[in-house]
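Spelled out from the first residue to the last, the chains are:
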Amino acid sequence: MLVENDAPLAPLTTLRLGGPARRLVTAHTDDEVIAAVREADAAGEPLLVLGGGSNLVIGDAGFSGTALRIATEGFALDGTALEVAAGETWSEVVRRTVLDHHLAGIEFLAGIPGSVGATPVQNVGAYGQEVAQAITEVVAYDRTADEVVVLPNAECAFSYRHSRFKAEPDRYVVLRVRFRLEDADGLSTPVRYAETARHLGVEQGDRVAVDTAWKAVLLLRAGKGMVLDPADHDTWSAGSFFTNPVLTAAQYESFRTRPGAEDAPAYPAPEGCTKTSAAWLIDRAGFGKGYGSGPATLSTKHTLALTNRGSATAEDLLALAREIRDGVREAFGVELVNEPVMVGVTL
Ligand SMILES: Cc1cc2nc3c(=O)[nH]c(=O)nc-3n(C[C@H](O)[C@H](O)[C@H](O)COP(=O)(O)OP(=O)(O)OC[C@H]3O[C@@H](n4cnc5c(N)ncnc54)[C@H](O)[C@@H]3O)c2cc1C
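Visitor: For this particular structure, what's the right way to read the side chain of D142?
Guide: Tracing the backbone through its elements, the reader meets D142 in strand β10 (residues 135–142). Taking the relative accessible area as the measure of exposure, D142 reaches 3% and is therefore buried. A polar contact of 2.8 Å, which involves the side chain of D142, links it to the side chain of R171. Not counting residues up to four positions away in its chain, the partners in contact with D142 are E147, V149, R171 and Y172.

Quick look at the structure:
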């Protein structure tokens, strides 16, 4: 276990923003993770669990507690049952299941940065697939009960960019994630997303070769600055900064009366709700690609990604985020909610 004091956190995040941690612990085994969490909890010390730092906005004052970097390793595939350690890199796991083992189930989640342990936290999703569809169990350290628990999928409360782990942020530290993949003779799961189907020249619901699906997603993502590239400031982001708003029937009715809202994207969501597109709202509220003139601007490839052009502070980024949130509220009466986790700051 490596322990550093007053350690910079910005280089451990994809936004490359924020101040230092009072203490940074890097844990390489589950036992080290648990020991570090127990020590912090016993001392009443605030704890920040850190994976790949790709969904974090850390305030300029940093974190006055222990940041625990999970660097555990392990990839065990038995038929279509896969168990992976929390510290493994998600995009590499997807690459291995597709290119080495020709299995389907997570191929459309190619190129999403960060660690495996964080994937259940916000139920990562993209291109018509969510990790909840493939997860069978999550093995976690429960800080409240002080024991390792195995939570079956049904007990993880997965929903759109949400889960039990996100709802109770100070309770669970994910140690391993178990998946059930699909052996479809080298084919993908059905193509659900219209843009992917168009790109592949197939109908929605068709299957394609699993490596073709994987490559297509990487290509589409790269075109939007959604695959990490240290040389490209459009990828110095936390991915989508806002979640797609899910509106109740009454909220949707009121939204539709706003000028210009008639042609807003609308998708059915659970409990009679309607999901619309945050990217569409941002664009139509006057914040196009590349918006902003300071050190933090919208990505030039995607209106949903707020980016650090190299010298931004967390406050620069948050000022831009607030301007956009307020502009969308004024234009459409819809409240945008941030997707990344805020550390020591609020929107
Ligand atoms: C360019 C780019 C593209 C992206 N595209 C997508 C996308 O398509 N879809 C999508 O859903 N997300 C996307 N994201 C967001 C991000 O990649 C995911 O949310 C990812 O799962 C975060 O993983 P991480 O390891 O970097 O988590 P971190 O940023 O390190 O942490 C995020 C949160 O999870 C918690 N956490 C991390 N590890 C654990 C653990 N082991 N146990 C308990 N809690 C933990 C942290 O405490 C924090 O609250 C994108 C981000 C970027 C930068």
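Visitor: Is there a simple way to explain helix α1 (residues 30–42) in this structure?
Guide: Each α-helix winds once per 3.6 residues, and so residues spaced three or four apart point in a common direction. When the terminal C-alpha atoms of α1 are compared, their 18 Å separation across 13 residues agrees well with the 18 Å that a helix rising 1.5 Å per residue should span. When we look at burial in α1, the residues that qualify are D30, E32, V33, I34, A36, V37 and A40. Looking at the buried side of α1, the elements it contacts are β2 (20–27), β3 (47–50), β5 (63–70), β10, β11 (147–152) and β12 (172–180). Backbone geometry just after α1 places G44 at a positive phi near 65°.

Visitor: Just to check I follow, could you spell out the site of the ligand for this structure?
Guide: Around the ligand sit 33 residues, and of these V49, G51, G52, S54 and S115 come closest. Between the ligand and G53, the relevant distance is 2.9 Å, taken from an oxygen atom to a main-chain nitrogen or oxygen of the residue. The set of elements that each furnish at least two residues to the shell around the ligand consists of β3, β8 (125–126) and β12. Across the shell around the ligand, the residue classes break down as 17 nonpolar, 13 polar and three charged.

Reading guide: rules and limits
- Every chain begins its residue count from 1, and numbering advances along the sequence as written.
- Only residues with pLDDT of at least 70 are given local features in this predicted model, and only at 80 or more are side-chain atom pairs given and counted; all residues enter the totals for whole chains, interfaces and linings.
- Computation of side-chain values: all heavy atoms of the structure, hydrogens and water removed.
- Numbering of helices and strands starts at the N terminus; helices are DSSP runs of H or I of at least 4 residues and strands are runs of E of at least 2.
- Residue exposure (1.4 Å probe, protein chains only): buried if accessible area is under 20% of the type maximum, exposed if over 50%, otherwise partly exposed.
- Each polar contact in these results corresponds to two N or O atoms within 3.5 Å; when the atoms are within protein, one needs to be able to donate a hydrogen and the other to accept it, and residues that are neighboring in sequence are counted only if both atoms are side-chain atoms.
- Whether two residues touch is decided by their heavy atoms; if any such pair falls within 4.5 Å, the residues are in contact.
- Multiplying 1.5 Å by the residue count of a helix minus one yields the expected span of that helix.
- Any residue with a non-hydrogen atom lying within 4 Å of a molecule or strand is treated as near it.
- All residues other than Ala, Val, Leu, Ile, Met, Phe, Trp, Tyr, Cys, Pro, Asp, Glu, Lys and Arg, Gly among them, are scored as polar; the first ten of these are nonpolar and the last four charged.

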